[in-house]
Amino acid sequence: MGNQACCAVKDSEANQTGNAELSKAEAVPVLDGGIKASKEEPIYEVMLDKSTGGKLGLDVDYMAERRVLPVMCITGGLAEQWNQNNPDKQISKGDSLISVNGIKGDVAVMLERCKTEKVLNLILAKKFNYDHLVADIENLVTTQGCGAILIRLSCNDAGVYKEGQGGCSNAAMRFTDGGESKFAANAGLPTVALSLLRPISDKYVPDLISHADLWALSSNVAIRVMSGPTITTRFGRPDAKSSAEGVSGQEGRLPDGDKGADHLRSIFHAKGFDDKAIVALSGRRTTGRKDLATSGFDGAWTEQPLKFDNSYYKELLAKTYTPETTSKGCSQNRHGASRTIMLASDKALVDDSTFKLHTESYANDQASWFNDFGLAWKKLQENGHVGLRDVL
Ligand code: HEM
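Residues numbered from 1 in each chain as written. Predicted model: local features only at pLDDT ≥ 70, side-chain atom pairs only at ≥ 80, totals over all residues.

A. Here's a closer look at the nonpolar core. Core analysis: the biggest nonpolar cluster contains 89 residues, and Ile91, Leu97, Leu150, Ala193 and Leu214 have the highest contact counts within it. When residues no more than four places from it in sequence are discounted, the contact partners of leucine 214 are Leu197, Ile200, Ser201, Tyr204, Val205 and Ile209. (Core = buried A, V, L, I, M, F, W, Y, C linked by C-beta atoms within 7 Å. Buried ≥ 20, exposed ≤ 12 C-beta atoms within 10 Å, placed from the backbone. Contact = placed C-beta atoms within 7 Å.)

B. Expanded view of the environment of histidine 358. Note that histidine 358 resides in helix α12 (residues 353-364). Separated by 82 residues in the primary sequence, histidine 358 and lysine 276 place their C-alpha atoms 6.1 Å from one another. If we ignore the near neighbours within four places in the chain, the residues touching histidine 358 are Asp275, Lys276 and Val279. (Helix = DSSP H or I, 4+ residues; strand = E, 2+ residues; numbered from the N terminus.)

C. Summary view of the environment of valine 134. As for its position among the elements, valine 134 is in helix α4 (residues 130-144). The exposure class assigned to valine 134 is partly exposed, which follows from the 17 C-beta atoms found within 10 Å. Sequence separation between valine 134 and leucine 214 is 80 residues; the distance between their C-alpha atoms is 9.8 Å.

D. Focus on α4. Taking 1.5 Å of rise per residue, the 15 residues of α4 would be expected to cover 21 Å, and the 21 Å separating its terminal C-alpha atoms lies within 8% of that figure. Within α4, burial applies to His132, Leu133, Asp136, Ile137, Leu140, Val141 and Gln144. Contacts from the buried residues of α4 go to α5 (147-158), α6 (189-204) and α7 (211-225). At the exit of α4 stands glycine 145, carrying a positive phi of roughly 60°. (Expected span 1.5 Å × (residues − 1).)

E. Quick look at the pairing of strand β6 (residues 119-125). Where strand β1 (residues 43-49) meets β6, 7 bridges bridge the pair, whose relative direction is antiparallel. Within β6, the position partnered with isoleucine 43 by the bridge is alanine 125. Two strands pair when backbone bridges link them, and strand β4 (residues 96-100) and β6 are joined in this way by 4 bridges, in the antiparallel orientation. If you follow serine 96 over to β6, its bridge partner there is alanine 125. (Pairing = 2+ DSSP bridges.)

Take a look at the structure:
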């Protein structure tokens with residue numbers, strides 16, 4: 001029922017815009033133990049009647065930007081009584097109120113109804129708050145080994161913000177009728193990455209989080225799970241409502257792996273990143289599951305591709321590479337590959353003398369890379385956004 005309720009909102013949005021949003025999972029191979037659709041996270045209904053004088057006994061966390069009211073604790077009163085009488089529908093911390101007497105989405109009105117109306121018909125979603133969302137992402141990354149493609153999803157989404165708009169038209173790659181989903185640099189993201197995230201986005205978007213925020217958060221959870229630095233996510237990225245809200249082309253926005261130092265500078269300096277930050281960002285070269293690779297090369301960037309560490313810099317300096325090209329076609333070989341590869345854009349980090357100094361420094365000092373990567377990555381994820389908030 002909860003998912004139906006969520007879908008109802010999304011369906012109506014889609015109808016209004018007339019856009020074709022990716023509607024079902026593509027054939028992404030799922031490993032055993034993968035996250036299941038949210039069957040065990042049911043929606044339940046609660047009736048509380050204050051007319052006999054009892055107090056509600058329910059603390060919720062109000063934030064104007066949210067569409068739900070997360071339950072913080074049960075403080076006695078009618079809520080506790082309800083829990084004693086309804087063991088199968090216990091109101092618990094971690095659940096969220098998604099509707100109060102038919103009001104949905106407007107938390108100010110929902111809260112007001114809780115305070116003023118005698119009889120309350122509450123609809124709650126079980127295990128529906130920030131902590132449960134993070135746990136679901138951790139589970140996805142751990143069981144599916146898909147952290148790399150989630151990092152790439154966030155990177156490419158952040159890289160296409162519309163300059164000068166004071167906000168982004170993010171997440172436009174969800175639509176099948178054009179825009180960002182058609183960019184060569186996004187190959188595999190609308191299908192593979194979004195399909196992997198679908199059980200989570202079906203459950204939490206839009207009631208708890210936007211797609212764009214989910215992508216940012218998922219990448220940061222993935223980085224941490226893969227032994228990388230802990231990067232805090234801020235929230236409030238709006239989702240594009242149609243592909244028309246996306247940017248017109250990738251040209252000048254997303255880097256081309258077949259090009260060198262001048263190209264990297266022209267892309268990243270325009271977004272406010274200096275040479276050091278370009279090198280810091282480039283070290284993210286983890287590689288995903290081989291069966292999820294999209295354009296693909298015959299090899300992986302690093303010998304331990306599922307680990308987020310500074311081996312990218314070490315291997316760049318230690319080995320001799322003939323650059324692979326992005327047009328090479330699909331590969332069957334990703335993580336676990338014995339052969340490591342670099343693109344022209346990677347080789348630029350040792351061929352250019354300024355870039356090389358930073359490459360050497362990060363190869364020798366993982367802690368300083370984690371620090372610089374964290375700062376540059378957060379800046380990239382937040383570029384073009386205004387008014388982001390610390391809490392979801
Ligand atoms: C510096 C310029 C960059 C270039 C030229 C570039 C280009 C590419 C290309 C061509 C791929 C292969 C895509 C595929 O799987 O078919 C790739 C993968 C990837 N990129 Fe980027 N990218 C750049 C920057 C970044 C940044 C800044 C990040 C994040 C901090 C990032 C994260 C990733 C990740 C994690 C993958 C592996 C995805 C997987 O294996 O599924 N990239 N990149």
